[in-house]
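# Per-entry structural report
For reference, the chains in residue letters:
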Amino acid sequence: KLSGEGRGVSWDLSGAQPGTYTATVDVNDGNAHTANGATTVTIAECRDCRAPCPAVSVSCPANVPQGETITFTAAVTGNASVTYNWSISAGTISGGQGTSSITVDTAGLGGQTVTATVELGGLDPSCSKTASCSTGVETPPATCRKFDEYADLKFNDEKARLDNLAIQLQQDPGSQAYYVIFGSCDTEGAARSTRAVDYLVNNRGIDRARITVVDGGCRESLTVELWICPTGAGAPTATNSATVSPCPACKVKPRPRPRMRRRR
């Protein structure tokens, strides 16, 4: 099929069967001067033909926080009809296997790198079939945890709770203890915390520098919270939902009177 006119035309041979084809042209200047020319094109069967290889690439974020899903997406150039098979170095594929995009669950993968690799199916064996992308999973920040909480206890009972705290500190040498106290009167918190710290240091051998006392304010009844904080964690915040203001003065317990001995 010819299209166009004048000096330049297009010869479309798509769909033509194998063979030799000739195109001729006659030129006339309108003054009885003529010229002609011809050209031939041979269409042959291709004995070693294959579709061009498509290019494949995978995109992904550089980093994500632990617990957040990662999306890996494959891009294939051209109109190649392909299949997708994904593999990952860590984590779990939570969706999209068999498609051009997958999501990966990163629970528990803090500090690791997840590499996703896609393998294309349906291509010529000589074509490149795989591509990869890697995403770092950020380690979550260290956080404190409440180890224990109790109300007003006799000191012998409180010692048992402090013993458990000391064991935890000894098992984790890099941790820090926080003794958060909410007193029921103005000097109660200071007195009770001093007593507890002295016991941990002098009886359980805990370094005083590893114990921090936090005065949480005044409440209707005494409350103690024991916190354990790993290295790098910020200090716990005392949350007082039962604030008493102003804090009443502590009652002074009367001293017992000496017993008088009767003389006979």
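Preceding this paragraph is the structure being described.
The residue numbers shown here count from 1 along each chain, following its written sequence. In keeping with the model being predicted, local features are shown solely for residues with a pLDDT of at least 70 and side-chain atom pairs are shown and tallied solely at 80 or more, while totals for entire chains, interfaces and linings include all residues. Hydrogens and waters are ignored; side-chain quantities use all the structure's heavy atoms.

### Thoughts on the overall build of the protein chain
Heads up, the rule is: Helix and strand definitions here come from DSSP, where helices need a minimum of 4 consecutive H or I residues and strands a minimum of 2 consecutive E residues; each element is numbered from the N-terminal end. Restricting the calculation to C-alpha atoms gives the radius of gyration, and the globule rule supplies 2.2 Å times the number of residues raised to the power 0.38. Residue contacts are defined here by distance: any two heavy atoms, one from each residue, within 4.5 Å place the two residues in contact. With residues, only the protein chains shown are counted as cover, and all accessible areas are computed by Shrake-Rupley using a 1.4 Å probe. All tallies of charge rest on Lys and Arg as positive and Asp and Glu as negative; His and the ends of each chain are not included. Working definition for charges: the position is that of NZ of Lys, CZ of Arg, CG of Asp or CD of Glu.
From N to C terminus, the protein chain includes two helices and 16 strands. What you see for the protein chain is a C-alpha radius of gyration of 42 Å, clearly larger than the 18 Å of a compact globule of 264 residues, by over 25%. Along the longest, intermediate and shortest principal axes, the C-alpha atoms of the protein chain span 165 × 40 × 25 Å. The long-range share in the protein chain, meaning contacts at least 24 apart out of those at least 6 apart in sequence, stands at 63%. Of the roughly 17,400 Å² of accessible surface on the protein chain, a fraction of 48% belongs to carbon and sulfur atoms. Placing the 25 positive and 25 negative side-chain charges of the protein chain at their respective mean positions leaves the two points 28 Å apart.

### Regarding the sheet that holds strand β7 (residues 70–76)
Quick reminder of the rule: Here a strand pair is declared whenever DSSP counts at least two bridges between the two strands. Angles run from 0 to 180 degrees between N-to-C directions of axes, and those axes are lines fitted to C-alpha atoms, restricted for helices to the stretch in contact.
Strands sit in the order β5-β7-β10-β9 across an open sheet of four strands; the sheet is antiparallel. If you trace the sheet from one side to the other, it starts and ends with β5 (56–59) and β9 (92–95), each paired once. Taken pair by pair, the neighbouring strands of this sheet meet at an average axis angle of 30°, ignoring direction. Bridge count between β5 and β7: four bridges; the pairing is antiparallel. Residue pairing for β7: Val56 is matched across the bridge by Val76.

### What about the environment of Gln66?
Put simply, the rule is: Relative accessibility decides the category of a residue: with a 1.4 Å probe and only protein chains considered, values under 20% of the type maximum give buried, values over 50% give exposed, and everything between is partly exposed. For the purposes of these results, a polar contact is taken to be a pair of N or O atoms within 3.5 Å, where, inside protein, one atom must be able to donate a hydrogen and its partner to accept one; residues adjacent in sequence count only when each atom of the pair is a side-chain atom.
You can see Gln66 is positioned in the loop between β6 (63–65) and β7. Residue classification places Gln66 among the partly exposed positions, given a relative accessible area of 33%. Those residues in contact with Gln66 that sit more than four places away from it in its chain are Thr106, Gly108, Leu109, Gly110, Val137, Glu138 and Pro140. Of the polar contacts made by the side chain of Gln66, one reaches the backbone nitrogen of Gly110; its length is 2.5 Å.

### A look at the pattern of salt bridges
Rules: Should a side-chain nitrogen of Lys or Arg be within 4 Å of a carboxyl oxygen of Asp or Glu, the pair is scored as a salt bridge.
Applying the stated criterion across every chain, the model contains seven salt bridges. Between Lys146 and Glu149 there is a salt bridge, with its nearest N and O atoms 2.9 Å apart. Looking at Lys146, the relative accessible area reads 40%, which means it is partly exposed. Residue class for Glu149 comes out partly exposed when judged on its relative accessible area of 37%. The shortest N-O distance in the salt bridge between Arg195 and Glu158 comes to 3.3 Å. Placement of Arg195 in helix α2 (residues 188–202) and of Glu158 in helix α1 (residues 155–171) is noted, with a sequence separation of 37 residues between them. For Arg195, a relative accessible area of 28% translates into the label partly exposed.

Purely geometric numbers; function is a separate question.
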